[in-house]
Number of protein chains: 4
Amino acid sequence: MGAEKVLRIGMIGSKFMGRAHSNAYVNGPRFFDLPMGVEMKQVAAQDEESLKKFAKQWGWESWTTKWRELVKNPEVDLVDVGTPNEMHRDQAIEAFENGKHVVCEKPLANTLPIAREMIKVAKKHKKQKAYVWFNYRRCPAVSLAYQMINSGRLGRILQVRCVYLQDWGGPETPLLWRFKKKHAGSGALGDLVAHSVDLARFLTGDDVKKVNGAVLHTVYKERMLLEGGGTGKSDVDDISLLLASFKSGMVASFEASRLARGYKNHNKIELHGEKGSLRFNLERMTELDFYDAELPAKEQGWSTINVSEAGAGHPYAENWWPAGHNLGYEHTFVNQFADMVNEMGGKKSLVPLPSFEDAYEVQRVLEAAVRSAKEGCDIPLSQVK
Amino acid sequence: MGAEKVLRIGMIGSKFMGRAHSNAYVNGPRFFDLPMGVEMKQVAAQDEESLKKFAKQWGWESWTTKWRELVKNPEVDLVDVGTPNEMHRDQAIEAFENGKHVVCEKPLANTLPIAREMIKVAKKHKKQKAYVWFNYRRCPAVSLAYQMINSGRLGRILQVRCVYLQDWGGPETPLLWRFKKKHAGSGALGDLVAHSVDLARFLTGDDVKKVNGAVLHTVYKERMLLEGGGTGKSDVDDISLLLASFKSGMVASFEASRLARGYKNHNKIELHGEKGSLRFNLERMTELDFYDAELPAKEQGWSTINVSEAGAGHPYAENWWPAGHNLGYEHTFVNQFADMVNEMGGKKSLVPLPSFEDAYEVQRVLEAAVRSAKEGCDIPLSQVK
Amino acid sequence: MGAEKVLRIGMIGSKFMGRAHSNAYVNGPRFFDLPMGVEMKQVAAQDEESLKKFAKQWGWESWTTKWRELVKNPEVDLVDVGTPNEMHRDQAIEAFENGKHVVCEKPLANTLPIAREMIKVAKKHKKQKAYVWFNYRRCPAVSLAYQMINSGRLGRILQVRCVYLQDWGGPETPLLWRFKKKHAGSGALGDLVAHSVDLARFLTGDDVKKVNGAVLHTVYKERMLLEGGGTGKSDVDDISLLLASFKSGMVASFEASRLARGYKNHNKIELHGEKGSLRFNLERMTELDFYDAELPAKEQGWSTINVSEAGAGHPYAENWWPAGHNLGYEHTFVNQFADMVNEMGGKKSLVPLPSFEDAYEVQRVLEAAVRSAKEGCDIPLSQVK
Amino acid sequence: MGAEKVLRIGMIGSKFMGRAHSNAYVNGPRFFDLPMGVEMKQVAAQDEESLKKFAKQWGWESWTTKWRELVKNPEVDLVDVGTPNEMHRDQAIEAFENGKHVVCEKPLANTLPIAREMIKVAKKHKKQKAYVWFNYRRCPAVSLAYQMINSGRLGRILQVRCVYLQDWGGPETPLLWRFKKKHAGSGALGDLVAHSVDLARFLTGDDVKKVNGAVLHTVYKERMLLEGGGTGKSDVDDISLLLASFKSGMVASFEASRLARGYKNHNKIELHGEKGSLRFNLERMTELDFYDAELPAKEQGWSTINVSEAGAGHPYAENWWPAGHNLGYEHTFVNQFADMVNEMGGKKSLVPLPSFEDAYEVQRVLEAAVRSAKEGCDIPLSQVK
């Protein structure tokens with residue numbers, strides 16, 4: 001602290017992500033020695049009443065129901081776009097055009113052309129940062145996996161397996177906006193598979209070359225309306241499956257579901273390399289499982305690393321608690337925010353930050369999956385632009 | 001025991017499966033009260049020296065290096081075909097034609113036309129039994145899953161996920177017959193995915209309607225020769241991935257690998273139904289994981305049932321040991337053999353026995369996967385005959 | 001929020017616990033709608049330089065190097081004693097005498113007579129609250145265990161088993177104050193077993209009647225000095241074992257170690273009742289394991305409840321994130337602080353708050369263990385006062 | 001095989017242990033190349049009808065209802081005593097006196113003086129072997145632990161923790177002989193803790209020096225009679241707890257229960273050494289958990305070794321199935337029997353075989369526990385003879 005430089009934040013959105021991001025802004029400077037001070041300048045959302053309460057509770061200096069006011073606010077340096085997907089385009093683009101840094105929730109947009117437009121604008125404003133909240137890169141266990149892979153502990157990676165399972169989307173759940181393509185773009189695909197594809201790309205440094213088949217399955221096509229007692233159509237995927245090949249030759253599978261009874265937030269990735277395997281599951285986010293095929297054969301086993309020990313050099317551990325004192329979900333946002341401020345302040349991010357380009361590459365994969373499912377055939381990524 | 005009727009067995013093959021099946025014949029009558037006596041009449045294999053030792057060690061009454069002698073032996077009632085895949089056709093067909101019951105190792109054959117021919121012959125000899133060694137149906141935990149699903153505990157099943165992972169096939173492994181299409185038909189697909197497809201069909205009672213994409217990946221195309229120091233070509237899949245839709249609308253994924261470092265025999269199946277989920281993994285074969293979504297929400301959790309308790313009505317438990325005294329791999333063969341003898345002796349099999357038709361249906365799915373991987377498009381099962 | 005009433009906090013201590021408590025004061029009002037506002041009025045510690053930085057980083061309005069100033073500060077309502085054990089007595093007693101509420105770190109004191117004196121003073125000031133930071137009661141999974149036990153789900157409890165294992169205390173660790181009886185009172189016993197005894201009492205509502213044997217084992221009696229290169233004597237227990245009987249007849253074992261390689265913060269408690277069992281382990285703090293012996297026998301199993309679902313009525317879940325989005329270590333302090341404010345503001349604490357009396361009862365058990373280990377015989381609690 | 005030498009076996013007992021041992025005699029020669037042939041000569045038990053059936057089912061050449069006939073049978077070389085505890089003395093001693101080798105079920109006897117008498121006789125007949133069925137030493141994972149400890153992988157061992165939990169002894173269970181001291185000697189102590197103490201001694205090579213406290217708890221003192229509808233007294237421990245110090249300074253805890261809902265056969269041992277920890281649980285008997293504190297800190301974790309791989313040098317693996325194809329409970333008896341035959345045939349046992357002396361040392365510990373529980377004080381082993 002004691003920094004002269006200050007980063008002044010404006011955030012659009014005050015729901016789930018609004019809370020998660022606000023928490024990062026409140027706690028980032030408390031747990032990290034950042035090269036810049038942090039000021040929570042302004043928050044924007046639609047409903048005045050709840051917004052006022054939200055702003056007070058989280059310590060935002062001011063609030064507005066007009067997001068355009070916020071993106072033009074000369075006292076704001078970084079605009080955080082934490083709204084539903086269909087709003088991202090306008091808010092991010094206008095923020096760039098007003099000279100702001102931007103950090104945007106994933107996915108960038110509901111369609112690929114819109115995402116492309118967004119990165120074009122981002123690229124035009126090279127001096128402004130353009131981040132995306134792929135927060136799971138900064139589960140310490142995931143960051144450790146990144147470091148291990150990059151130091152060659154897996155050797156050549158042959159296969160990746162991702163499942164992201166939740167179970168809140170049964171027939172008892174009404175027709176939320178998340179079940180309408182118009183608002184959400186897609187279902188489990190954009191909501192969950194997006195995270196998995198980002199993790200796979202992040203950890204392997206590799207890009208998808210081809211989608212080798214996909215299934216997008218809407219189990220419940222009719223759902224209760226939120227109000228009024230009737231039913232309406234759901235047109236997004238409850239379950240998504242896709243196979244892919246990467247440029248290196250590595251093959252991969254991705255699965256996501258909102259109907260997997262028993263799984264609450266089971267974001268799991270496994271990587272099989274020539275020298276070993278790694279396994280991570282968000283429901284036990286402190287743990288990284290590692291199989292080291294280079295140990296003496298008699299003692300090889302799946303090892304569970306408790307990734308929380310500063311003295312062992314575990315990522316982010318020195319900023320938090322002693323070994324074995326677990327972190328939770330929202331810490332991933334704090335870690336990402338700290339890395340963003342570090343990078344903006346001229347220091348190095350611990351592991352690479354997710355950029356608009358990353359998010360765009362993820363969306364190309366999802367788009368290829370949509371086409372593959374529809375057309376019943378492989379889709380080379382080169383055809384998806 | 002004390003039965004007057006006797007089942008006289010002739011077995012072809014004396015390697016891995018020869019041991020596993022012999023063990024079933026030795027121990028079946030010891031742990032089960034069978035309606036027929038069991039006599040281990042004759043065993044056939046190629047190498048006389050090792051065969052003699054094998055026959056003595058396992059208590060076979062006689063041996064021969066000519067399998068045709070065995071299938072014609074009038075003192076044999078049941079012929080067990082436990083040889084490499086390419087031999088199954090001739091041995092099984094001639095056994096049928098000589099009036100024998102047949103139990104054959106999986107897969108039936110290396111190609112679909114041959115498998116079709118085999119079931120045709122099997123059907124012609126209706127009074128003779130035709131079984132296949134899909135032994136994993138009789139892990140007690142799998143049998144319990146079958147019973148639970150059939151009593152409606154999962155409700156409608158929406159999704160199945162199978163992985164079968166091993167790690168013995170790295171570049172250090174020479175060019176065994178299992179790496180040549182000519183001998184083995186395929187790699188991980190026929191060896192491992194076959195088991196998974198059988199389990200999925202067995203547990204759900206459902207059939208594949210379409211393969212929605214597949215990847216068959218040969219990572220190591222050149223392998224050391226077993227002798228002589230050079231290398232030769234491997235032309236089978238080290239890693240197999242496939243997506244499928246079933247007639248009921250259920251969607252499924254199947255994955256198998258011989259290169260998944262850390263997994264020795266990880267035959268795992270998960271099923272997500274509207275009322276709950278089930279999960280089984282052969283590496284912890286005593287355990288069945290169950291999530292009951294009909295319990296009070298506050299107490300719902302993934303439950304691990306130790307499937308070993310006779311008093312609880314667990315399958316096969318009364319034939320073995322007290323609760324918590326685990327069974328092992330080979331017990332699955334003993335259980336299947338006991339059910340076969342029960343059925344042949346007029347009693348009821350505890351859960352359905354795998355038939356030649358079952359094995360043929362499995363092979364149709366694998367064939368569709370091969371085509372899908374090659375052609376880069378979906379393959380409806382109706383096109384695979 | 002929007003409360004007119006305000007709770008003004010003064011905290012003594014700025015190390016590990018100082019951070020953990022500050023975090024609770026910062027975030028409590030953000031995640032909970034509390035009946036009183038919270039003001040972080042003043043923090044006291046010895047080292048001015050680091051204190052200044054600490055105060056700024058955490059948002060304390062003022063700081064002082066003289067704790068007596070703080071306990072007399074008329075603008076402070078609640079004094080938080082977060083210093084090493086030997087300081088607790090004076091700070092807590094003077095805080096009471098100055099009319100403050102007090103929340104004290106555990107254990108109350110290094111000796112039982114001092115602890116007794118402290119609760120005497122606490123009792124004299126009945127209108128002032130006297131809490132202790134037994135924070136693990138408010139792991140949501142522990143709170144759920146409390147609710148389940150209290151609603152009869154375990155029936156009569158027959159046995160409790162507690163282990164609290166860490167591994168930071170090997171010979172490579174120098175002679176910290178924690179290794180000197182003079183400063184710390186004891187080793188693993190007061191540091192770790194104290195938590196376990198509190199959990200056992202909290203969950204069962206039962207009191208220890210007798211200690212039936214104890215071992216306090218100092219493995220490394222000589223340790224490197226922190227400075228200067230020589231060595232000095234460690235006179236506290238590295239490993240503590242004790243057996244106990246409770247008033248209800250329930251029997252219990254407690255174990256703690258700082259030398260259990262592989263365990264970072266393995267605070268585990270298991271309870272066996274007539275109707276079922278419960279199991280909790282801090283290293284997987286989101287999970288509560290439950291065995292319900294009243295389910296149909298065929299489906300009984302150890303169930304892992306992911307205690308994070310507001311809709312399921314899980315404790316504290318509605319204040320945090322959606323289901324499956326884990327909490328971490330420090331959330332337990334936030335939860336306790338919120339309950340303290342609720343109680344002080346006239347609302348109800350979700351589960352009982354740990355009082356000075358609770359901490360005193362815990363210390364009686366530890367004292368009995370010390371005597372039992374020394375004298376080599378059982379120690380009835382009635383003899384420990 | 002092909003051995004000229006033959007070992008001719010006579011077994012007394014035909015219940016649970018009779019089956020387990022018979023299985024070892026049937027299958028030992030099938031899975032191991034033994035230096036002697038094996039003949040199942042004679043079996044003795046009380047009930048003629050069931051004995052006849054048993055003898056036929058397991059392939060015993062003859063049977064008798066008079067065990068004295070068996071121990072004198074000149075065609076028997078090895079007498080297996082598999083009867084209830086109170087019978088062991090007479091049967092073992094007379095077998096020795098008739099020149100037989102003896103293998104006896106554990107515990108040797110119901111009282112220490114009787115056990116002492118038995119080992120005296122055993123010692124007198126030095127040329128005859130005297131083994132005890134502590135079969136769990138030969139779970140491959142336990143044998144691997146033995147090898148690892150002996151090659152120094154744990155360094156100095158500081159602490160051992162054993163629990164052996166079952167749950168069949170609730171109030172619904174009638175007054176079996178196991179609940180009467182007269183027949184069983186003790187309850188969970190002799191039945192379960194005996195195994196744990198043997199494992200602790202076997203793995204560490206260390207001896208108990210002192211019992212530091214014990215609790216023997218009879219929860220249900222009145223149980224339904226097996227017949228007639230009334231109730232009778234149970235006078236053995238349902239739950240046993242004890243603390244102990246070993247000669248090396250190592251400390252230990254032992255717990256056993258028949259009332260631990262959810263645990264079927266949870267025989268667990270953990271060892272903490274200076275260089276690492278090991279953990280074994282019979283309910284997952286293929287797995288050995290190892291924490292290697294000598295790996296680079298960043299990658300240290302609890303590793304689960306799947307102990308089933310011949311190529312990796314895992315104990316007994318080459319005699320059974322390929323890697324990942326699990327063994328079950330009864331294989332431990334087969335492994336012990338094979339080692340016994342190896343030793344009798346002049347070859348080396350893979351790991352040390354349990355002797356009468358071992359069993360006697362175990363009983364001294366249990367006796368010390370009984371006294372400690374009764375007298376409420378420590379009992380040095382030197383006082384127990």
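Analysis parameters
Residues numbered from 1 in each chain as written. Chains lettered and ligands numbered in written order. Predicted model: local features only at pLDDT ≥ 70, side-chain atom pairs only at ≥ 80, totals over all residues. Helix = DSSP H or I, 4+ residues; strand = E, 2+ residues; numbered from the N terminus. Rg over C-alpha atoms; globule rule 2.2 N^0.38 Å. Buried ≥ 20, exposed ≤ 12 C-beta atoms within 10 Å, placed from the backbone. Contact = placed C-beta atoms within 7 Å. Least-squares fit on C-alpha atoms with pLDDT ≥ 70 in both. Domains from an automatic or database assignment. Nonpolar A, V, L, I, M, F, W, Y, C, P; charged D, E, K, R; others polar. Pairing = 2+ DSSP bridges. Axes fitted to C-alpha atoms, helices over the stretch in contact; angles between N-to-C directions. Parallel < 35°, antiparallel > 145°, perpendicular 65-115°, else oblique. Left-handed = near helix turned anticlockwise from the far one by under 90°. Core = buried A, V, L, I, M, F, W, Y, C linked by C-beta atoms within 7 Å.

Caption draft 1: Here's a closer look at the overall build of chain A. Helix and strand counts for chain A stand at ten helices and 17 strands. By the compact-globule yardstick of 21 Å for 385 residues, chain A fits well, its C-alpha radius of gyration being 21 Å. Of all 385 residues assigned to chain A, the portion counted as buried reaches 62%. Within chain A, residue pairs in contact and separated by at least 24 positions form 69% of the contacts whose partners lie at least 6 positions apart.

Caption draft 2: Representation of the relation of the copies chain C and chain B. With an axial shift of 0.0 Å and an RMSD of 0.0 Å, the rotation relating chain C to chain B amounts to 180 degrees. Expressed as an axis order, the relation between the two copies is that of a two-fold axis. Closest approach to the rotation axis among the C-alpha atoms of chain C is made by Ser303 of chain C, whose C-alpha sits 1.8 Å away. Counting the interface residues of chain C, we find that 100% of their copies in chain B are interface residues as well, pointing to one common contact surface.

Caption draft 3: Highlighting the domain arrangement of chain A. All names here are of chain A. Taken as a whole, chain A is organised into domain 1 (6-132) and domain 2 (140-325 + 356-375). At the junction of the two partners, domain 1 supplies 18 residues and domain 2 supplies 16 residues. Elements that contribute at least two residues to the side of domain 1 that touches domain 2 include exactly α5 (112-124) and β6 (130-132). Sort the elements by how many residues they give to the side of domain 1 that touches domain 2 and α5 lands first, with six residues. In the side of domain 1 that touches domain 2, the residues fall into twelve nonpolar, three polar and three charged.

Caption draft 4: Spatial organisation of the relation of the copies chain B and chain A. The two copies are related by a screw motion: chain B maps onto chain A through a turn of 180 degrees and a shift of 0.0 Å along the axis, at an RMSD of 0.0 Å. Residue by residue, 100% of the interface of chain B is reproduced at the interface of chain A, so both copies engage with the same surface.

Caption draft 5: The arrangement of the interface of chain C and chain B in detail. On the chain B side, the residues contacting the 15 residues of chain C number 15 residues. Among the elements that take part in the side of chain C that touches chain B, strand β16 (residues 302-306) of chain C stands out by supplying five residues, more than any other. For the side of chain C that touches chain B, a count of residues per class yields five nonpolar, eight polar and two charged. In the sheet, strand β16 (residues 302-306) of chain B pairs with β16 of chain C via three bridges, with the strands oriented antiparallel. Following the sheet pairing, Thr304 of chain B is matched in β16 of chain C by Trp302 of chain C.

Caption draft 6: Up close: unusual backbone geometry. The omega torsion of the bond from Lys106 of chain B to Pro107 of chain B falls at -10 degrees, within 30 degrees of zero and hence cis. Note on placement: Pro107 of chain B falls in the loop between β5 (101-104) and α5 (112-124). Despite not being glycine, Tyr316 of chain A has its phi angle at roughly 70 degrees, a positive value. With respect to the helices and strands, the residue Tyr316 of chain A is situated in the loop between β16 (302-306) and α9 (331-344).

Caption draft 7: Spotlight on the interface of chain B and chain A. The interface of chain B with chain A comprises 31 residues on the first partner and 31 residues on the second. Contributing elements (two or more residues each) for the side of chain B that touches chain A: β7 (157-165), β8 (208-217), β11 (239-246), β12 (251-257), β13 (266-273) and β14 (276-281) of chain B. The biggest single contributor to the side of chain B that touches chain A is β8 of chain B, with five residues. Classifying every residue of the side of chain B that touches chain A by side-chain character gives 14 nonpolar, 13 polar and four charged.

Caption draft 8: Representation of the environment of Arg156 of chain C in the model. All names here are of chain C. Within the fold, Arg156 resides in the loop between α6 (140-150) and β7 (157-165). Once the C-alpha coordinates of Arg156 and Gly276 are considered, the two residues, 120 residues apart in sequence, prove to be 9.3 Å apart. Excluding residues that lie within four positions of it along the chain, Arg156 makes contacts with Gly273 and Glu274.

Caption draft 9: Main features of the sheet that holds strand β2 (residues 37-44) of chain D. Residue and element names in this part refer to chain D. The strand order across the open sheet built from six strands is β3-β2-β1-β4-β5-β6, with neighbouring strands paired in parallel fashion. At either margin of the open sheet sits one strand with a lone partner, and together these are β3 (62-64) and β6 (130-132). Across the sheet, the axes of successive neighbouring strands diverge by a mean angle of 25 degrees, strand direction being ignored. The pairing of strand β5 (residues 101-104) with β6 spans three bridges and is classified as parallel. Residue Val103 lies in a different strand from β6, and its bridge partner there is Tyr131.

Caption draft 10: Inspection of α6 of chain C at higher detail. All names here are of chain C. The element α6 is extensively covered by neighbouring structure, given that nine of its eleven residues are classed as buried. Among all positions of α6, only Pro140, Ala141, Val142, Ser143, Leu144, Ala145, Tyr146, Met148 and Ile149 are buried. For α6, the elements touching its buried residues are α8 (188-204), β14 (276-281) and β15 (287-292). Just past α6, the residue Gly152 takes up positive phi, approximately 90 degrees.

Caption draft 11: Structural view of the packing of helix α4 (residues 88-97) of chain A against α5 of chain A. All names here are of chain A. For the pair α4 and α5, the least separation of the axes is 9 Å and the interaxial angle reads 10 degrees. Looking at the two axes, α4 sits roughly parallel to α5. The interaxial crossing formed by α4 with α5 has left-handed handedness. Contacts from Arg89, Ala92, Ile93 and Phe96 of α4 reach α5 at Ile114, Glu117, Met118, Val121 and Ala122. Of the residues assigned to the contact of α4 with α5, the class counts are seven nonpolar, no polar and two charged.

Caption draft 12: Region of the structure containing the sheet that holds strand β2 (residues 37-44) of chain A. Residue and element names in this part refer to chain A. Spatially, the six strands line up as an open sheet ordered β3-β2-β1-β4-β5-β6, and their pairing is parallel. What marks the edges here is a single partner per strand, and that holds for β3 (62-64) and β6. Pairwise comparison of adjacent strand axes, ignoring direction, gives a mean angle of 20 degrees for this sheet.

Caption draft 13: The arrangement of the pairing of β7 of chain C in detail. Residue and element names in this part refer to chain C. The element β7 is largely enclosed, with a buried count of nine among its nine residues. Sheet topology places β7 next to strand β13 (residues 266-273); eight bridges connect them, and they run antiparallel. Counterpart to Tyr164 in the pairing with β13 is Asn267. Bridge count for β7 against strand β12 (residues 251-257) is seven bridges, and the pairing is parallel. By the bridge assignment, Val160 is partnered in β12 with Ala252.

Caption draft 14: Spotlight on the packing of helix α1 (residues 16-31) of chain C against helix α9 (residues 331-344) of chain C. Residue and element names in this part refer to chain C. As a packed pair, α1 and α9 sit with axes 8 Å apart at the nearest point and diverge in direction by 65 degrees. Relative to α9, α1 is oriented so that their crossing is right-handed. Across the interface between the two elements, Ala20, His21, Asn23, Ala24, Tyr25, Asn27, Gly28 and Phe31 of α1 pack against Phe333, Val334, Phe337, Ala338 and Val341 of α9.

Caption draft 15: Here's a closer look at the pairing of strand β12 (residues 251-257) of chain D. Residue and element names in this part refer to chain D. Within β12, seven of the seven residues are buried, which leaves it mostly tucked inside the rest of the structure. Residues Val251, Ser253, Glu255 and Ser257 point to one face of β12 and Ala252, Phe254 and Ala256 to the other, with burial holding for every one of them. Two elements, strand β11 (residues 239-246) and β12, share seven bridges in a ladder whose sense is antiparallel. Directly across from Ser240, in β12, lies its bridge partner Ala256. Between the end of β11 and the start of β12, which pair antiparallel, lie four residues, with Gly249 showing a positive phi angle near 105 degrees.

Caption draft 16: Layout of the environment of Lys210 of chain A. Residues and elements named next belong to chain A. When you line up the elements, Lys210 lands in strand β8 (residues 208-217). With 21 C-beta atoms counted inside 10 Å, the residue Lys210 sits in the buried group. Along the chain, Lys210 and Arg89 lie 121 residues apart, while their C-alpha atoms are 27 Å from each other.

Caption draft 17: Local environment of the nonpolar core. Ala145, Val193 and Ala369 of chain C together with Ala145, Val193 and Ala369 of chain D are the most contacted members of the largest nonpolar core, which totals 262 residues. Those residues within four positions of Val193 of chain D in sequence are excluded, and the remaining contacts are Tyr164, Ala188, Ser240, Phe254, Ala256 and Leu366 of chain D. Core analysis: the next-biggest nonpolar cluster, separate from the first, contains 261 residues, Leu78, Tyr263 and Tyr316 of chain A together with Phe31 of chain B among them.

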